[in-house]
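Structure assessment
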Amino acid sequence: MPNQKNSTSTFFEVVFQGKPKVVRAFISGLTLGACNDAAVYYSYLDGVHHEGKAEKLAEMVGIRGTDCHVIVDQCVSALLKKLGKKIEAQTGLTISSHRKIRGASLAFEYQAYARKYDDEILDMINALPSGARTRGFHHEIRTDPTAEGVEAYSPAHHFEAAGAGAITGPIDTIIEVKRKFASLPLIKSEDIVLKLA
């Protein structure tokens, strides 16, 4: 798990041509030796959108080589740029893309059938980390007095709340939000989408 960084830190998406396990081992060694407090995130582990279905299928059938999308802070980015040719010569890993991340967004939705769960979710949304903002959030509550006391598995519910929207902000903050959302099973979040420079 990466160390916490200031949300004003600059991050980059670096795409390696190579197997994710090999890339992770290489990045771990690099950061242990040179940037011990580095913040590094792996798209496939942290739910960051990194390729479409066609690309995944092409990798599975061997038409396209395996790649690994890594989000790194400025320290690691600078090292990767400096060592680019040596990395390829000594590890066989190739960097095919190295782009600055301007921001990120996370679309989400939820449904709750009890006021306490709706309140819990709203509290989480209202207490976003510094730098994160909601965009297009809408929240709706429906009550049906005739369904009060009906079993939980009934098609009618006394209380029903639904919400949907997006959270935008710095990538490290949005990853933190996605991890918090994962602790509440009623929230369904999409992959994080990067805004690249």
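Residues numbered from 1 in each chain as written. Predicted model: local features only at pLDDT ≥ 70, side-chain atom pairs only at ≥ 80, totals over all residues. Heavy atoms only, no water.

1. Looking at the overall build of the chain
Looking only at helices and strands, the chain has 6 helices and 8 strands in total. Secondary structure elements of the chain occur, N-terminal to C-terminal, as β-α-β-α-α-β-α-β-α-β-β-α-β-β. Within the chain, the fraction of its 197 residues that count as buried is 41%. Taking the intrachain contacts of the chain between residues at least 6 apart in sequence as the baseline, contacts between residues at least 24 apart amount to 77%. Only carbon and sulfur atoms are counted for the fraction: they give 52% of the accessible area of the chain, which is about 11400 Å². (Helix = DSSP H or I, 4+ residues; strand = E, 2+ residues; numbered from the N terminus. Buried < 20%, exposed > 50% of the residue type's maximum accessible area, 1.4 Å probe, protein only. Contact = heavy atoms within 4.5 Å. Areas by Shrake-Rupley, 256 points an atom, 1.4 Å probe, with all protein chains shown as cover.)

2. A few points about the side chain of Thr-31
Mapped onto the secondary structure, Thr-31 falls in helix H1 (residues 20-34). Not counting residues within four places of it along the chain, the set of residues in contact with Thr-31 comprises Asn-36, Ala-38, Val-40 and Val-76.

3. Notes on the state of the cysteines
Following the criterion strictly, the structure yields 1 disulfide and no others. Here Cys-35 is linked by a disulfide to Cys-75, with a sulfur-sulfur distance of 1.8 Å. Looking down the S-S bond of the Cys-35 and Cys-75 bridge, the torsion is -70 degrees, so its handedness is left-handed. In this pair, Cys-35 is assigned in the loop between H1 and strand E2 (40-42) and Cys-75 in helix H4 (residues 74-91), connecting sequence segments 40 residues apart. Of the residues examined, Cys-75 reaches a relative accessible area of 35% and is grouped as partly exposed. (Disulfide = S-S within 2.5 Å.)

4. Some remarks on the packing of H1 against H4
Contact geometry for H1 and H4: axes closest at 12 Å, N-to-C directions at 125 degrees. Viewed along their axes, H1 and H4 adopt a mutual orientation that is oblique. Seen along the crossing, H1 lies across H4 with a hand that is right-handed. Between H1, through Phe-26, Ile-27, Leu-30, Thr-31 and Ala-34, and H4, the contact on the second element is made entirely by Val-76, Leu-79, Leu-80, Leu-83, Ile-87 and Thr-91. Of the residues that constitute the contact of H1 with H4, the class distribution is 9 nonpolar, 2 polar and no charged. (Axes fitted to C-alpha atoms, helices over the stretch in contact; angles between N-to-C directions. Parallel < 35°, antiparallel > 145°, perpendicular 65-115°, else oblique. Left-handed = near helix turned anticlockwise from the far one by under 90°. Nonpolar A, V, L, I, M, F, W, Y, C, P; charged D, E, K, R; others polar.)

5. Topic: helix H6 (residues 171-182)
In an α-helix, one turn spans 3.6 residues; hence positions three or four apart end up facing the same way. For H6, which comprises 12 residues, the first-to-last C-alpha distance of 16 Å matches the rise-based estimate of 16 Å (1.5 Å per residue) to within 8%. Every buried residue belonging to H6 is among Ile-171, Asp-172, Thr-173, Ile-174, Ile-175, Val-177, Lys-178 and Phe-181, and all of these are buried. (Expected span 1.5 Å × (residues − 1).)

6. Structural notes on the packing of aromatic side chains
The geometry of an aromatic ring pair is captured by the separation of the ring centres together with the interplanar angle, meaning the angle of the planes. By the definition in use, this model includes 5 aromatic pairs. Ring plane angle 25 degrees and centroid distance 5.9 Å describe the contact between Phe-108 and Phe-137, whose orientation is recorded as stacked. Taken as a pair, Phe-108 in strand E4 (residues 94-112) and Phe-137 in strand E5 (residues 133-143) lie far apart in primary sequence, 29 residues in all. Exposure remark for Phe-108: the relative accessible area of 4% places this residue in the buried category. Linked through ring pairs, Phe-108, Phe-137 and Phe-181 together constitute an aromatic cluster. (Phe/Tyr/Trp six-rings, centres within 6.5 Å; stacked < 30°, edge-to-face > 60°.)

7. Topic: the environment of Tyr-113
Within the secondary structure layout, Tyr-113 lies in the loop between E4 and helix H5 (115-126). Taking the C-alpha atoms as reference, Tyr-113 lies 6.4 Å from Ala-161; in sequence the two are 48 residues apart.

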